[in-house]
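# A closer look at the structure
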Amino acid sequence: MSKTKFLILFVVFIVPRMIVCGQSNRPAAYGPVPSANQLRWQQMEYYAFIHFSVNTYTDISWGFGNEDPEIFNPAELDCMQWARICKEAGMKGVILTAKHHSGFCLWPSAYTDYSVKNCPWKNGKGDIVRDMSEACKVYGLKFGIYLSPWDRNSADYGKPEYITYFRNQLRELLTNYGDIFEIWFDGANGGSGYYGGVNETRKIDAKTYYDWPNTYKLVRELQPNIVIWNDGGDRADLRWVGTESGYVGETNWSFLNKTGDVPENMLRYGVENGDTWVPGEVNTSIRPEWFYHPKEDGKVKTLPGLMNIYYNSVGRNATLLLNFPVMPNGLINEKDERAALDFAKARKEAFAVDLAKNATATASNVRGNSASYNPEKVLDPNNESYWATDDTVKSASLTIDFGRPVSFNRFLVQEYITLGQRVQSFTIEAMANGEWKTIDKQTTIGYKRILRFATVRSNKLRFTVTAAKACPLISNIEVFNAPQILTAPVITRKQSGDVVITPADPESVIFYTLDGSTPTTQSKKYEAPVETGDGKITINAIAWDAVTKKSSSVTSEKFDIAKKEWRILGLEDSTASRILDGQASTQWYQKDNATMPVDLVIDLGKTEKLNGFRYLPDQNWWAGGIITNYAFYVSNDNVQWQLVDSGEFSNIKNNPLWQTITFMAVSARFIKLRALNNTQNNNAVGYAEVEVLTE
Ligand code: FUL
C-alpha cells in the first residue's frame, strides 16, 4: 500500500473511530450543572450544626434580644469537645450559630456591645467563633457560619443602617476565621423584638431588605469557595427542603427556577425542569428543638430514627445537617454524643462490604462502544469515570453478575452530576430461578441514591434506567447487606390488653417471655399482637438477627391491669379514648371552655384495689395543657368521692414524661383525676395517657 493510500484510509476510517471512541465522544452537559463549590459541598454529605446563644440560658427557642449578656457563662465551654464529637460521628464540617435571632454575637464584634465581650465568660475576652474555627482545624473539619439576618437586639433592624451593620459583621466573620465552607441565612425574618429597647414588631420584606445580590457579592468576594444557604431571599446555592423533620422527597431534583416563589412541596422535590442548580440540604436536630432544653434530655433521636433520617437525606440526593444543642455549661450532652456515635457505628456497619466490588458488569448499550464508558466504570473506585450510553439512548440496563449467590438489602447508585442530573426513573431487579424479579422502582438518582429493601439472595442484579432527560451517566453502584439495627424493641399495650412489639428492623425476629425471665431464641416467637387478658403483666422481649445470630438488649415492660372495660364518663367525644390507647404519641384535650379545676372521670368497669396512678402529658414540643397540680379521687358509685392524694408533678415542665404517684391502697371502681393548674397557668388540660397502679 502506498503511503498516500494509507494516509487516506487512516483519515477516512481510523480517525473518526478514534474520535468516536475516545474522550472526544464525551457527553455534553445537559441542563443546569453544579458549580465547583456546590460539587465539593455535596461530596461532604454529612456535617453538623451547633446552636448556642443567650436563649440557651433562658430555655426558649428564640432569644428576644433583651437577654442580659451577664447570663452567658459557659464555665466548661470546650470547642474541642464539640469538634471531637463531630469528627467521631463521621461528619465533615460544622456550622456554628455565630449570631442567632437574639442578635447576641458569639464573637467580639466591633460593631455591637451585645456579644461575648460583655459576658462573664473569660471576663469578656473569649471568642467562640475563633475557638471553634481552630478546633475544626485540629480535627480536619470544615467550618461554616450561621449569621441570622434577623436581629432582635439591634435598634437599627428594619432601617437601611442595619444592612451596613449586617455586612460589617459578615466581613468580620468571613475575613478573620479562615476558610468558611457554608454561610447560613435563616428564613425567620422580622417580627417582635427588643430592638434597642423599644420592644415592638418590625416587619421587613426578606426579598428586598437585605439587598441580597450585593450581600452575596460581598460573601463571594471574601470567601470564593463558599456555598450560600438562604431560605428567605434571592436564590442561593443551596435550598431548604421545606421541613426540619429530617427528610427530602424520594423524587429529588437538584433544580429550582432562578426567580419566582417556590411552593413548599417544590422545595421538597426540586423542580424537574428548573433552570438553576440548587440542591437540597436536610437540616434537623438530634433533639426536637435547636437549642438545649433540659426537658428534652429524654427525647434524643433514637438510632432507628437517625438511620431513617440518613436514608431519607443522603440516600435521596441531599446532604444532612444534623444539629447539636450546647448546654448552658458549654458542652454537648453525653446522650447526644452517644446517639451520634452509635449512628456513626451503624452506618459503618451497614456500608462495610461492597458486594459489587469484585462483580462484573455488562450493559445493554455503551456509548460509542468505547472502553471509556463501559459499565465496569460503575464498579471502579474512581467517581470521575462513568458508564454512559449513546446520546439517543435514554433507557438502558446494566447487569451486575456477582458470580455466586449473595444476600443484599441495600443498593447505592450515583449519577455523574458534573454533567447534570438526568435520570427520571429506574428499576432494580434480581435474578430468581432464571427470571428477573423487581425489587424496587424509583424516580430520581442525582448525586447519590440509596435504596433499602427486604434481603434478597441472588447471583445477578439488574439496574435499568427506564427514563432519562438525556443519556444516563452512572458513576457508581454499590451493593450491601446491611446488618439489622438491633435496638431493644418497643412494647406497647392496647386498650384491649393485647401487646404489640415492634423491632427497629422489620426483618428482625422477636422473642418474648411473660414470666419475667430473659428471652432467648428458645422463647416464644412474636408473630402477631399477644393476647394477655386484662391482668397485670411483665413482658420482656429481644430482637434477633437470624443471619448474624446477634440479639438486641432486652426491653422489659410492666403493665398494670388492662383498660379493656374502662370508659371515660361525662364526655361525648369518642376521640377521648386516645387517653387509654397505650400510644404515647396520641393525645386528647379537654374542651376549650373548661375552666380549672378540670376533671377526668373514668369507670374502671369493676372494683380494683388501687395504690397509685400514672399520667403522661402530651408529648409534642408545643404542648400546652401539662398538668402541674392535681388531686386524685376514687369512688364506688360515681357519687361519693374520696380524695386519696393531691400534690404537684414538680419537674414536669422540664421533664414532661411519665409521672407516677403512689398512695395507700384503696378499693374503688371510679377514678377522678382533677387538674388544678398547668405549666402555663391557664385552663388547657391535655393527656397522652392515664393509667392506674393496683395492688
Ligand atoms: C430556624 C430557626 O428559626 C431556628 O431557630 C433554627 O436556627 C433553625 C436551624 O432554623 O428556622
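Thresholds applied
Residues numbered from 1 in each chain as written. Predicted model: local features only at pLDDT ≥ 70, side-chain atom pairs only at ≥ 80, totals over all residues. Heavy atoms only, no water. Helix = DSSP H or I, 4+ residues; strand = E, 2+ residues; numbered from the N terminus. Buried < 20%, exposed > 50% of the residue type's maximum accessible area, 1.4 Å probe, protein only. Contact = heavy atoms within 4.5 Å. Areas by Shrake-Rupley, 256 points an atom, 1.4 Å probe, with all protein chains shown as cover. Lys, Arg positive; Asp, Glu negative; His and termini not counted. Charge placed at Lys NZ, Arg CZ, Asp CG, Glu CD. Pairing = 2+ DSSP bridges. Near = heavy atom within 4 Å. Polar contact = N/O pair within 3.5 Å; in protein donor to acceptor, adjacent residues only side chain to side chain. Domains from an automatic or database assignment. Axes fitted to C-alpha atoms, helices over the stretch in contact; angles between N-to-C directions. Core = buried A, V, L, I, M, F, W, Y, C linked by side-chain atoms within 4.5 Å. Phe/Tyr/Trp six-rings, centres within 6.5 Å; stacked < 30°, edge-to-face > 60°. Salt bridge = Lys/Arg side-chain N within 4 Å of Asp/Glu carboxyl O. Parallel < 35°, antiparallel > 145°, perpendicular 65-115°, else oblique. Left-handed = near helix turned anticlockwise from the far one by under 90°. Nonpolar A, V, L, I, M, F, W, Y, C, P; charged D, E, K, R; others polar.

## Section: the overall build of the chain
- For the chain, the count of helices and strands is 10 helices and 34 strands.
- Expressed as a percentage of the 695 residues in the chain, the buried residues total 55%.
- Contacts in the chain between residues at least 24 apart in sequence constitute 73% of all its contacts with a sequence separation of at least 6.
- Carbon and sulfur atoms provide 49% of the accessible area of the chain, an area that totals close to 29500 Å².
- Each charge class in the chain was averaged separately, 74 positive and 78 negative side chains, and the resulting centres sit 6 Å apart.

## So, the pairing of strand β15 (residues 396–415)
- By the criterion of burial, β15 is predominantly enclosed, with 15 of the 20 residues buried.
- Relative to β15, strand β13 (residues 360–363) runs antiparallel, the two being bridged by four bridges. Residue T360 lies in a different strand from β15, and its bridge partner there is D401.
- Direction of pairing for β15 relative to strand β18 (residues 449–468): antiparallel, over a ladder of 13 bridges. Bridged to L412 within β18 is I450.

## Digging into the site of the ligand
- Neighbouring the ligand are the residues F49, H51, W62, H100, H101, Y146, W184, D186, E244, N283 and W290.
- At 2.9 Å from an oxygen atom of the ligand is found a side-chain nitrogen or oxygen belonging to D186.
- Between the ligand and the protein, one listed contact pairs an oxygen atom with a side-chain N or O atom of E244 at 3.4 Å.
- Relative to its unbound accessible surface of 290 Å², the ligand loses 90% to contact with the protein.

## Points about the pairing of strand β21 (residues 499–502)
- The two faces of β21 differ: V499 and I501 on one face are buried, but V500 and T502 on the other face are not.
- By the bridge criterion, four bridges tie strand β20 (residues 490–493) to β21 in an arrangement that is antiparallel. Bridging from a neighbouring strand, T492 pairs with V500 of β21.
- Where β20 folds back onto β21 in an antiparallel hairpin, the turn is made up of five residues, including G497, whose phi is positive at roughly 100°.

## A word on the domain arrangement of the chain
- Taken as a whole, the chain is organised into domain 1 (36–349), domain 2 (360–480), domain 3 (490–559) and domain 4 (567–694).
- If you average the C-alpha positions of domain 1 and of domain 3, the two centres end up 41 Å apart.

## Let's talk about the sheet that holds strand β4 (residues 182–185)
- The strand order β7-β4-β3-β2-β1-β12-β11-β8 describes an open sheet built from eight strands, whose pairing is parallel. In this open sheet, the two edge strands, each paired with only one partner strand, are β7 (227–230) and β8 (239–240).
- Pairing of strand β3 (residues 142–147) with β4, which is carried by two bridges, proceeds in the parallel orientation. Paired with Y146 across the two strands is W184, which belongs to β4.
- Here helix α6 (residues 160–176) sits on the sheet and contacts β2 (93–99), β3 and β4; the angle it forms with β3, its principal contact strand, is near 165°.

## Let's talk about the side chain of T399
- For T399, the position within the fold is in strand β15.
- Given a relative accessible area of 16%, T399 falls into the buried group.
- Residues in contact with T399, not counting those within four places in the same chain, are T360, A361, T362, W436, K460, L461 and R462.

## Description of the nonpolar core
- Ranked by size, the top nonpolar core spans 90 residues in total, and within it W82, I128, V129 and M132 carry the most contacts.
- The element best represented in this core is α6, accounting for seven residues.
- Each of domain 1 (36–349) and domain 2 (360–480) gives at least three residues to this core.
- Look past the residues within four positions of M132 in its chain and what remains in contact with it is I50, C79, W82, A83, V94, L96 and F143.
- Judged by nonpolar contacts, the second largest core, of 40 residues, contains A359, Y373, A396 and V406.

## Comments concerning the packing of aromatic side chains
- For the coordinates displayed, the defined rule picks out 50 aromatic pairs.
- Measuring from ring centre to ring centre gives 6.3 Å for F166 and W212, while their planes differ by 85°; the resulting arrangement is edge-to-face. Within this pair, whereas F166 is found in helix α6, its partner W212 is found in helix α7 (residues 212–222), the two being separated by 46 residues in sequence. Across this residue pair, the class does not change: F166 and W212 are buried.
- Each ring, one from F255 and one from W277, has its centre 5.6 Å from the other, and the planes form 70°; the classification is edge-to-face. Taken together, the residues span a long stretch of sequence, with F255 in strand β9 (residues 255–256) and W277 in strand β10 (residues 276–277) at a distance of 22 residues. We note that F255, like W277, is buried.
- Taken together through their ring pairs, the aromatic side chains of Y157, Y162, Y165, F166, F185, Y195, Y209, Y210, W212 and Y216 make up a single cluster.

## Observations concerning the pattern of salt bridges
- Per the counting criterion, the structure on display carries 26 salt bridges.
- Its salt-bridge partner being K99, residue D151 comes within 2.7 Å of it at the nearest N-O pair. One end of the pair, D151, is in the loop between β3 and α6; the other, K99, is in strand β2, and 52 residues separate them in sequence.
- Taking the relative accessible area as the measure of exposure, K99 reaches 0% and is therefore buried.
- Here E608 ties to K606 by a salt bridge, and the two come within 3.5 Å at their closest N and O atoms.
- By sharing partners, the salt bridges in this structure join K563, R614, E689 and E691 into a single network.

## Concerning the side chain of T319
- Within the secondary structure layout, T319 lies in strand β12 (residues 319–325).
- Judged by relative accessible area, T319 falls into the buried class, the value being 0%.
- Within the structure, the side chain of T319 is placed 2.8 Å from the side chain of Y47, a separation counted as a polar contact.
- In contact with T319, other than residues within four places in its own chain, are W41, Q42, E45, Y47, G280, E281, V282 and S313.

## Let's talk about the packing of helix α4 (residues 79–88) against helix α5 (residues 128–139)
- One can describe the packing of α4 onto α5 by two numbers: an axis separation of 8 Å at closest approach and a directional angle of 40°. Classified by the interaxial angle, the pair formed by α4 and α5 is oblique. The way α4 lies across α5 gives a crossing that is right-handed. Two secondary-structure elements touch here, α4 through C79, M80, W82, A83, R84 and K87 and α5 through I128, D131, M132, A135, C136, V138 and Y139.
- Each residue belonging to the contact of α4 with α5 can be placed in one class, and the counts come to 10 nonpolar, no polar and three charged.

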